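So you can see what is in the structure, the chains are spelled out below.
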Amino acid sequence: DAGVIQSPRHEVTEMGQEVTLRCKPISGHNSLFWYRQTMMRGLELLIYFNNNVPIDDSGMPEDRFSAKMPNASFSTLKIQPSEPRDSAVYFCASTDSGRSNQPQHFGDGTRLSIL
Amino acid sequence: DQQVKQNSPSLSVQEGRISILNCDYTNSMFDYFLWYKKYPAEGPTFLISISSIKDKNEDGRFTVFLNKSAKHLSLHIVPSQPGDSAVYFCAASADNFNKFYFGSGTKLNVKP
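Parameters at a glance
Residues numbered from 1 in each chain as written. Chains lettered and ligands numbered in written order. Predicted model: local features only at pLDDT ≥ 70, side-chain atom pairs only at ≥ 80, totals over all residues. Heavy atoms only, no water. Buried < 20%, exposed > 50% of the residue type's maximum accessible area, 1.4 Å probe, protein only. Helix = DSSP H or I, 4+ residues; strand = E, 2+ residues; numbered from the N terminus. Pairing = 2+ DSSP bridges. Axes fitted to C-alpha atoms, helices over the stretch in contact; angles between N-to-C directions. Polar contact = N/O pair within 3.5 Å; in protein donor to acceptor, adjacent residues only side chain to side chain. Contact = heavy atoms within 4.5 Å. Buried area = accessible area lost by both parts, 1.4 Å probe. Salt bridge = Lys/Arg side-chain N within 4 Å of Asp/Glu carboxyl O.

1. Focus on the pairing of strand 11 (residues 110-114) of chain A
Residue and element names in this part refer to chain A.
Part 1 of the reasoning: Where burial is concerned, the two faces of strand 11 differ: the one with Thr110, Leu112 and Ile114 is buried and the one with Arg111 and Ser113 is not.
Part 2 of the reasoning: Sheet topology note: the strand 2 (residues 10-13)/strand 11 ladder contains four bridges and is parallel. The partner of His10 across the bridge, within strand 11, is Arg111.
Part 3 of the reasoning: In this sheet, strand 11 lies alongside strand 9 (residues 88-95) in antiparallel orientation, the contact comprising three bridges. Counted as the bridge partner of Ala88 is Leu112 from strand 11.

This is how it looks when you write it as structure tokens:
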């Protein structure tokens, strides 16, 4: 079975540019989570969706960040405009929230560098 | 405010010895706990879990202990192997869409 697929794996762009990170969850999973990993804070939850509906976006750092889930097999995290402090590894994870006590399954992340 | 804390950022252990990784939590509503292992350039992978109705769960070389009164979780790896060198995250859930709160991670180095 394919796991969670994230693209791109690496993104280097200049400050002020728009950045779009993509995620395809595991088929059949109905909850999707976006995390950011930094040295200082570890794994921060940015936003999560259940059945394509955003449930909690309180972790989104600023209005520059937005996330969408147009269907059950695709989600995007967008940063516009990007800033150097957004440089981090961004992970997407999915799980079947219809079953309790299930682990989340992570993608391999997108390493983002804003110059 | 971090609801799950891993106070040791790193741990170094000799191959063959026991590795003990610790985790503390503050929310008494948490009822499901996980450990994840993360290698560089990869996503975290699920390692072992424990439900709050248990105090111990074992899977091969890995054992997780839960002390609910102390709100403390630990992962024991016996014997430790160089391939266990990774960052370990603990995570806790109150069974809400399987949303987890993660600790900041402990980097384990197992020396040959």
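2. Here's the deal with the sheet that holds strand 7 (residues 65-71) of chain A
Residue and element names in this part refer to chain A.
Part 1 of the reasoning: Reading across from one edge, 1-3-8-7 is the order of the four strands in this open sheet, with antiparallel pairing throughout. Every interior strand has two partners, whereas the edge strands, strand 1 (5-7) and strand 7, have only one. Along the sheet, successive strands turn relative to each other by an average axial angle of 15°, direction set aside.
Part 2 of the reasoning: The sheet contact formed by strand 1 and strand 3 (residues 19-24) spans three bridges and is antiparallel. Across the sheet, Ile5 pairs through a bridge with Lys24, a residue of strand 3.

3. A few points about the side chain of Thr106 of chain B
Residues and elements named next belong to chain B.
Part 1 of the reasoning: You can see Thr106 is positioned in strand 11 (residues 106-111).
Part 2 of the reasoning: At a separation of 2.6 Å, a polar atom in the side chain of Thr106 contacts the main-chain carbonyl oxygen of Ser8.
Part 3 of the reasoning: Not counting residues up to four positions away in its chain, the partners in contact with Thr106 are Gln6, Ser8, Pro9, Ser10, Leu11, Leu21, Ala86, Val87 and Tyr88.

4. Considerations on the interface of chain B and chain A
Part 1 of the reasoning: Taken together, the contact between chain B and chain A spans 20 residues of the former and 25 residues of the latter.
Part 2 of the reasoning: Contact between chain B and chain A buries roughly 1800 Å² in total, counting both sides, with carbon and sulfur atoms accounting for 57%.
Part 3 of the reasoning: Applying the counting rule to chain B against chain A returns one salt bridge.
Part 4 of the reasoning: In this structure, Asp56 of chain A engages Lys99 of chain B in a salt bridge whose closest nitrogen and oxygen atoms are separated by 3.4 Å.
Part 5 of the reasoning: Counting every contact that joins chain B to chain A gives five residue pairs in polar contact (both at pLDDT 80 or more).
Part 6 of the reasoning: Only strand 4 (32-38) and strand 10 (100-102) of chain B provide two or more residues apiece to the side of chain B that touches chain A.

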